[in-house]
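Listed here are the chains, written in short residue letters.
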Amino acid sequence: MNHLAHLFLAPASVPGRVGALLGDFARGIDTASLPLEVYQGLKHHRAVDAFTDRHPEVLACKPLFSAQRRRFAGVALDVLFDHYLLRHWSRFAADDSHHFIQEVYRDLELGACLMPDSMAHTTATMIRQDWFNAYRELDNVGHALDRISTRLRRPNQFAGVIEEIRSNDAELEARFLLFFHELQQQFDLP
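Below: a short report on this structure.

Definitions and limits used
- Residues numbered from 1 in each chain as written.
- Predicted model: local features only at pLDDT ≥ 70, side-chain atom pairs only at ≥ 80, totals over all residues.
- Heavy atoms only, no water.
- Salt bridge = Lys/Arg side-chain N within 4 Å of Asp/Glu carboxyl O.
- Helix = DSSP H or I, 4+ residues; strand = E, 2+ residues; numbered from the N terminus.
- Buried < 20%, exposed > 50% of the residue type's maximum accessible area, 1.4 Å probe, protein only.
- Expected span 1.5 Å × (residues − 1).
- Phe/Tyr/Trp six-rings, centres within 6.5 Å; stacked < 30°, edge-to-face > 60°.

### Some points on the pattern of salt bridges
Right, so step 1: On inspection of all chains with the given rule, the structure shows 10 salt bridges.
Right, so step 2: Residue glutamate 57 pairs with arginine 175 through a salt bridge whose shortest N-O separation is 2.8 Å. One end of the pair, glutamate 57, is in helix α4 (residues 56-61); the other, arginine 175, is in helix α13 (residues 169-187), with 118 residues separating them in the sequence.
Right, so step 3: A relative accessible area of 18% means that glutamate 57 is categorised as buried.
Right, so step 4: A salt bridge links arginine 175 to glutamate 171; the nearest nitrogen and oxygen atoms lie 3.0 Å apart. In this pair, arginine 175 and glutamate 171 both sit in helix α13, 4 residues apart, roughly one turn of the helix.
Right, so step 5: One network of salt bridges, with partners in common, ties together Arg17, Glu103, Arg106 and Asp107.

Dropping the structure here:
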C-alpha cells in the first residue's frame, strides 16, 4: 500500500499517522526509542504491507504487467491503489476525501518533530506538492511512477508503466475493490 492508504487505515492521531508512514523510512531507526503510539503505527504499517503482499487479488495483478516491468509491479500497484481509493472513496469512507487529506496534511506537519530527517523532508514535499489530491488523476499517477523509475537502484524499464496500467485498468480496479474491502475489514480502526 502507498501513503494515502496507510494513512486511511491508521489511527487518527498525529503519532499514529506518523507511525503509519514511518514504515517507508524506518531503515536504521532504533524502533525501541520511538514513542509508543508511533511504534504502534509502524507495526500497523508493517502488518498492512504483509497482508497486502500475500493477498490473492494483489498477486493476481502482477502478471498483468509485462516481463520487463513485473519486478516493480508492486511499486506501481502501491501508487495506483491510492488512485483507486480516491476514485471509490465513498465505498470506504463516510467523510469527504478532501477533508481527510487536509486533516492528514495538518497532522503530518504537526508530527514532523517525530520523524527522521528524510521522512520530514519527503512529507514536506508531499504536502507542498499536494500528492494525494494529484493522485485523483491517472495521468498524475503516471508522472509519479516515472519519477519513481529514476530513483530505483537497479537498471529498469519502469518508465511508461502507466500505459500497461491503462490497458488493464478495469481488471486492476476490480481486483483492488475486492482486495481493499478485505484489507479495510482486517485493519480499519474505529
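Following the structure, the description resumes.
### Some remarks on α13
Right, so step 1: For α13, which comprises 19 residues, the first-to-last C-alpha distance of 25 Å matches the rise-based estimate of 27 Å (1.5 Å per residue) to within 8%.
Right, so step 2: Of all the residues in α13, the buried ones are Asp169, Leu172, Glu173, Phe176, Leu177, Phe179, Phe180, Leu183, Gln184 and Phe187.

### A short note on the packing of aromatic side chains
Any two aromatic rings considered together are summarised by their centre-to-centre distance and by the angle between their planes.
Right, so step 1: Here the structure, examined in full by the defined rule, presents 15 aromatic pairs.
Right, so step 2: Ring centres 5.6 Å apart and planes at 75 degrees place the aromatic pair phenylalanine 51 and phenylalanine 187 in the edge-to-face group. A residue pair is termed long-range when its members are at least 10 positions apart, and phenylalanine 51 in helix α3 (residues 36-54) and phenylalanine 187 in helix α13 qualify at 136 residues. Note on accessibility: phenylalanine 51 and phenylalanine 187 belong to one class, buried.
Right, so step 3: Centroid distance phenylalanine 176 to phenylalanine 180: 5.2 Å. Interplanar angle 25 degrees. Geometry classified as stacked. Taken together, the residues span about one helical turn, with phenylalanine 176 and phenylalanine 180 both in helix α13 at a distance of 4 residues. Neither phenylalanine 176 nor phenylalanine 180 differs from the other in exposure class; each is buried.

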